[in-house]
Amino acid sequence: MLDTVQEDTMRVLVIEDDLEMASFIEKVLVEAGHQVDMATDGERGLAMARASEFDALVVDRMLPEKDGLTLVKEYREAGGQTPTLFLSALGDVQNRVQGLKAGADDYLAKPFAPSELAARVEALGRRVPTEQQVTVLKAGDLEMNLLTRKVTRAGQKIDLQPREFRLLEYLMRHAGQVVTRTMLLEKVWDYNFDPQTNVIDVHISRLRAKIDKEFEEPLLHTVRGAGYRLQG
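Numbering of residues starts from 1 in every chain and runs along the sequence as written. Per-residue local features of the predicted model are confined to residues with pLDDT of at least 70, and side-chain atom pairs are confined, for both listing and counting, to 80 or more; whole-chain, interface and lining totals are unaffected and use all residues. Excluding hydrogens and water, the side-chain values take into account all heavy atoms of the structure.

1. As for the overall build of the protein chain
So, point 1. Secondary structure counts use DSSP, requiring at least four H or I residues in a row for a helix and at least two E residues in a row for a strand, with both numbered from the N terminus. When you go through the protein chain residue by residue, the secondary structure sums to eight helices and twelve strands.
So, point 2. For the protein chain, the C-alpha radius of gyration of 18 Å lies close to 17 Å, the compact-globule estimate for 232 residues.
So, point 3. Summarising its shape, the C-alpha atoms of the protein chain cover approximately 55 × 35 × 35 Å along the three principal directions.
So, point 4. When burial is assessed residue by residue, the protein chain has 47% of its 232 residues classed as buried.
So, point 5. Contacts are assigned to residue pairs that have any heavy atoms within 4.5 Å of one another. A sequence separation of at least 24 residues applies to 60% of the contacts in the protein chain between residues at least 6 apart.
So, point 6. Using the Shrake-Rupley algorithm and a 1.4 Å probe, accessible areas are obtained, with residue cover drawn only from the displayed protein chains. Of the roughly 11,800 Å² of accessible surface on the protein chain, a fraction of 47% belongs to carbon and sulfur atoms.
So, point 7. Charged-residue counts in this description rest on Lys and Arg as positive and Asp and Glu as negative, His and the chain ends being excluded. Charge positions come from single atoms, namely NZ of Lys, CZ of Arg, CG of Asp or CD of Glu. Within the protein chain, one finds 30 positive and 38 negative side-chain charges whose respective centroids are separated by 7 Å. Note on method: radius of gyration uses C-alpha positions; expected globular size equals 2.2 Å times residues raised to 0.38. Classification of residues uses two cut-offs on accessible area relative to the type maximum, computed with a 1.4 Å probe and protein chains only: under 20% is buried, over 50% is exposed, and between them is partly exposed.

2. Describing the domain arrangement of the protein chain
So, point 1. Per the domain assignment, the segments making up the protein chain are domain 1 (11–125) and domain 2 (136–230).
So, point 2. An automatic or database domain assignment provides the domain bounds reported here. One C-alpha centre belongs to domain 1, the other to domain 2, and the line joining them spans 27 Å.
So, point 3. In this assembly, ten residues from domain 1 lie in contact with eleven residues from domain 2.
So, point 4. Buried surface at the junction of domain 1 and domain 2, summed over both partners, amounts to about 820 Å²; 46% is from carbon and sulfur atoms.
So, point 5. For salt bridges, the criterion is a side-chain nitrogen of Lys or Arg within 4 Å of an Asp or Glu carboxyl oxygen. Between the two partners, domain 1 and domain 2, sit two salt bridges.
So, point 6. In the analysis that follows, any N or O atom pair within 3.5 Å is treated as a polar contact, provided that within protein one partner can donate a hydrogen and the other can accept it, and provided that, for residues neighboring in sequence, both atoms belong to side chains. Between the two partners, domain 1 and domain 2, sit two residue pairs in polar contact (both at pLDDT 80 or more).
So, point 7. Mapped onto the side of domain 1 that touches domain 2, the elements with two or more residues apiece are α4 (93–102) and α5 (114–125).
So, point 8. Residue contributions to the side of domain 1 that touches domain 2 peak at six residues, all from α5. Once two parts are brought into contact, the accessible area they lose, counted with a 1.4 Å probe and summed over both, makes up the buried area.

3. A short note on the pairing of strand β2 (residues 35–39)
So, point 1. Bridge count for strand β1 (residues 11–15) against β2 is five bridges, and the pairing is parallel. In the strand pairing of β2, Leu13 is matched with Asp37. What makes two strands pair is DSSP finding at least two bridges between them.

4. Here's the deal with unusual backbone geometry
Excluding glycine, a negative phi dihedral is what most residues carry, and trans is how most peptide bonds are arranged.
So, point 1. The residue after Lys110, namely Pro111, is reached through a cis peptide bond having omega -5°.
So, point 2. Looking at where Pro111 falls in the secondary structure, it is placed in the loop between β5 (106–109) and α5.
So, point 3. Even without glycine at this site, Arg149 takes up a positive phi of about 60°.
So, point 4. Along the polypeptide, Arg149 turns up in the loop between β7 (142–145) and β8 (150–153).

5. Quick notes on the UniProt feature "modified residue: 4-aspartylphosphate" (unreviewed entry) in the protein chain
So, point 1. UniProt positions are given in the numbering used here, feature names are shortened, and annotations may be inferred rather than shown by experiment. Per the UniProt entry, the sites bearing "modified residue: 4-aspartylphosphate" (unreviewed entry) are Asp60 in this numbering.
So, point 2. With respect to the helices and strands, the residue Asp60 is situated in strand β3 (residues 56–60).
So, point 3. Discounting residues that sit within four places of it in the chain, Asp60 has contacts with Ile15, Glu16, Asp17, Gly68, Phe86, Leu87, Ser88 and Lys110.

6. Let's talk about the packing of aromatic side chains
So, point 1. Geometry of aromatic contacts follows a simple scheme: Phe, Tyr and Trp rings, the Trp one being its six-membered ring, pair when their centres are within 6.5 Å, and the pair is stacked under 30 degrees between planes, edge-to-face over 60, tilted otherwise. One pass over the full model with this rule turns up two aromatic pairs.
So, point 2. Ring geometry for Phe24 versus Phe112: centroids 6.0 Å apart, planes at 40°, classification tilted. Remark: Phe112 occurs in the loop between β5 and α5 and Phe24 occurs in helix α1 (residues 19–31); sequence separation between them is 88 residues.
So, point 3. Ring centres of Phe86 and Tyr107 lie 6.0 Å apart, and the angle between their planes is 55°; this geometry places the pair in the tilted category. Taken together, the residues span a long stretch of sequence, with Phe86 in strand β4 (residues 84–88) and Tyr107 in strand β5 at a distance of 21 residues. Neither Phe86 nor Tyr107 differs from the other in exposure class; each is buried.

7. Considering the sheet that holds strand β10 (residues 178–179)
So, point 1. As summarised here, the arrangement of the three strands in space is β10-β12-β11, forming an open sheet in which the pairing is antiparallel. Strand pairing shows two members of the sheet lacking a second neighbour, β10 and β11 (220–223), which therefore form its edges.
So, point 2. Inspection of the sheet shows β11 paired to strand β12 (residues 227–230) by four bridges, in the antiparallel sense. Following the sheet pairing, His221 is matched in β12 by Arg229.
So, point 3. The convention used is that axes are lines fitted to C-alpha atoms, helices contributing only their stretch in contact, and that angles between N-to-C directions extend from 0 to 180 degrees. Running over the sheet, helix α6 (residues 162–173) touches β10, β11 and β12 and is turned about 75° from β12.
So, point 4. On the sheet, helix α8 (residues 199–211) packs against β11 and β12 and is oriented at approximately 145° with respect to β11.

Structure (structure tokens):
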């Protein structure tokens, strides 16, 4: 079983023509507690996405009948709002940018670890529509004001450097779920590759010292082999 925290079951539409890969994705998501619907070509996938309500779409880049880029672009142009994850063997920066410009919310290159897929899908499910964006994030007794950039825990002010603030903001937006190192590199450091440094470890250590050291109950946990989780 994957070492993830699952609070709510998501309904996920997977559009993948490789049956072996589709079966693998379905197994990963079902084990994570989600309901999975399948489509094996772009035309069918687009029709299903338009006809039913889903919490997330997982779309392969290369599909028969209608390719993934066209599928997502047409879905967005028709008003579709469901968060979407692109899967592709084309993992270079240019292809990632094309996928995001087409309307995808995230992009995961093949091959990938099961925990990485599960974490990214669950991150999509926690996205809040623009009109519902909040200005204050909370995780237990930890609070972050995005307008004043003030962070407190149990009423005690915590001073953070800009990168620490960005890191904590990302963790708080995904409180209660596993966030992988790759996700942090992409979303906090804007890297589309692993620089093979300990930059994440250093910042996590500094952040943990600031938000946990003086308090009885730790909030920031390391999930072995997967990433990190901020207790909600």
